[in-house]
Amino acid sequence: MEKNNKFVSLFKNHWDIICLIIGTAVYLAYVLYVFVELPYESFIDKFYLIEPFYSGTLKFSDLLIPYTENGMLAANVLFLINLKLFHFSVFVESMVNVMMVIFVGWISIFKYANKVSEERKWFYYIAVAVMTIPLFSCMQQSAGGMSLQVRFGFAAFVLVSYMIDRFLIENKNLAYYILTIVMIFLSINFFGSSYSFGGVPFVCLVVLICMIRDKKILDVKRILIIIAYVAATVLYFFEYGFIGGPSGEVRVVDGGLMDKALAFITNVKSIVMGLIYWNSSCLLGRYIFEDGKISNNGYLLVGVFFTIVILVSLFLYFKTKMYEKTWIPIMWIGYNLVLFFIICIGRVEVIKTLGEAWVTSSWYTVNTKILTVSVIGIYMYYFNQIEGKAIVRKSAICIVHLVMGGLLIWGTFWNAARVPFEKVNLTQMQSYFFVESKEDLPVDGNGTTPLFKDLDTSWDAIELLKKYHLSLFRDYSD
């Protein structure tokens, strides 16, 4: 009996650690299984750094060449470190991605979930278990190349939003405040991509609300947080040449920002439908829909369900005055909402021609997980505020989260079912790096090779890797 009590006590007292360890183990196992040393597509776009690096002619400005609208500074610096220490290994970038997933999971569970549910009632164990699924699900895939920069920016936003929340709630000391300001600039100008701007509006809004609520409109520290974000945003556009580039052009989005904004405004109905699809992808991912394992109406029904869950959570957030405890849910939910609109502006023409579902992608799942985590945290906090038995309300909350958990498991299961086939495809793609001549590389009707680049670029990349013994051609005897 005593041993059983110790076993139960272990789970109760260390449930957060147990969930983090299990989540990490599952995600790491997925990454290791699916991994293939395959420096293709956006990896190749960083190869322009190789020759200057080895010849000693590399300039800092070479690191500031953007990938579409995404700055690449952090990913490029990592690429150079990878070249120096590991002769460029795709595996290294995969492991850096794993570390970022663990980091976001740690903040979500230990710094957010435990903060909003210091009193561990029975619902806490269900909620944290459900929360762990999206944090470590293979639906967010592994990452490297350009996508690693997006994940750098995402992890940096999660950290900075947490730091700002602590400053606003706990009124931290000057050293902490200065570090927060520094991290704001790093999150945008070093780690940031265009996705990072999803976090700016609601963080600034939260700071402004706190100033008005506390009747401290001229609070210099809080004003400087907003100024820091504005300054970092402006600096980002100068840093990567979107403003004041070689031709003095303003490059924000291809096709003209005004044209896309107008198309966005005139397609409000499609945007709303797109948001429903987006919310469905938070629980089910994208592949289950692409592969026809759920009907369009079924996918929309899940989206409507989660949209209602989100709206109710926001009502409960303000009803319980949870903002006295933390502003993280508003910043994280706001990040996803703004990111959705950024993506819509970029994809509005595709949405018009191919349908609203095209606003979703497996690419974005790594971002949407904090939306799900935020919502769960609000319900955890509300559950602890319910007085008395309140069996109906408590049961309803529990059922909703079990349904969410079931949908997350279903989406994860289907994504995992695809992994063996994806690995086969990646292994086959890897074989093209060992062809004897350029003519041996197949090209499709668009002039694209299996490495997702044109023929000349693909062959030059292979030759470059061979020349410097990088990635698949490393000399393992060194």
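Keep in mind it's a predicted model, so treat the numbers as computed, not measured. The written sequence of each chain sets the order in which its residues are numbered from 1. Owing to the predicted nature of the model, reporting of local features is limited to residues with pLDDT of at least 70; listing and counting of side-chain atom pairs is limited to 80 or more, with chain, interface and lining totals taken over all residues. Side-chain measures here rest on the full set of heavy atoms in the structure, leaving out hydrogens and waters.

J.: I'd like a description of the layout of surface pockets, backed by residues and values.
T.: Grid points spaced at 1 Å over the protein atoms alone were grouped into cavities, where a 1.4 Å probe fits but cannot get out, and pockets, open sets with protein on both sides within 12 Å along at least five of seven lines, with lining residues defined by an atom within 4 Å of a point. Grid points are joined across faces, edges and corners, and a volume is the space filled by probe spheres set on the points. Quantified by volume, the largest pocket comes out at close to 1,000 Å³. What lines the largest pocket is a set of 35 residues, and nearest its centre among them are Tyr40, Glu41, Gln141, Ser142 and Leu426. Of all the elements in the fold, those that place two or more residues in the lining of the largest pocket are α2 (15-34), α5 (90-116), α7 (146-170), α13 (287-290) and α17 (391-431). Among the elements that line the lining of the largest pocket, the one with the most residues is α17, at five residues. Its residues placed into classes, the lining of the largest pocket shows 19 nonpolar, 10 polar and six charged. Secondary structure elements are defined from DSSP: runs of H or I of at least 4 residues count as helices, runs of E of at least 2 residues count as strands, and each element is numbered from the N terminus. Note on residue categories: nonpolar means Ala, Val, Leu, Ile, Met, Phe, Trp, Tyr, Cys or Pro, charged means Asp, Glu, Lys or Arg, and polar means any other residue, Gly included.

J.: So what about the pattern of salt bridges? Which residues, and what values?
T.: The salt bridge criterion pairs a side-chain nitrogen of Lys or Arg with a carboxyl oxygen of Asp or Glu, the two atoms within 4 Å. Summed over the entire model, instances satisfying the criterion amount to 18 salt bridges. One salt bridge in this structure joins Lys59 and Asp62, with 3.9 Å as the shortest N-O distance. Relative accessibility decides the category of a residue: with a 1.4 Å probe and only protein chains considered, values under 20% of the type maximum give buried, values over 50% give exposed, and everything between is partly exposed. Judged by relative accessible area, which is 49%, Lys59 ranks as partly exposed. Taking relative accessible area as the criterion, Asp62 reaches 14% and is therefore assigned buried. The closest approach of N and O atoms between Arg286 and Glu290, which form a salt bridge, is 2.9 Å. The exposure class of Glu290 is partly exposed, given its relative accessible area of 44%. The structure contains a network of salt bridges with shared partners spanning Lys115, Asp165, Arg166, Glu170 and Lys172.

J.: Got a sec to walk through the side chain of Ser458? Specific residues and values, please.
T.: Mapping Ser458 onto the fold places it in helix α18 (residues 455-467). Polar side-chain contacts of Ser458 include one of 2.7 Å to the side chain of Thr449. Should any heavy atoms of two residues lie within 4.5 Å, those residues are considered in contact. In contact with Ser458, other than residues within four places in its own chain, are Leu441, Thr449, Leu451 and Lys453. N or O atoms within 3.5 Å of each other form a polar contact, as long as, within protein, one can give a hydrogen and the other can take it, and as long as residues adjacent in sequence are counted only when both atoms are side-chain atoms.

J.: Describe unusual backbone geometry, and please don't skip the residues or the numbers.
T.: The phi dihedral of Lys321 is positive, around 55°, even though this residue is not glycine. Its location among the elements puts Lys321 in the loop between α14 (296-319) and α15 (328-354). You can call Lys321 partly exposed: its relative accessible area is 43%. Phi is positive for Ala390, close to 45°, though the residue is something other than glycine. Within the secondary structure, Ala390 is located in the loop between α16 (365-385) and α17.

None of this, on its own, says anything about what the molecule does.
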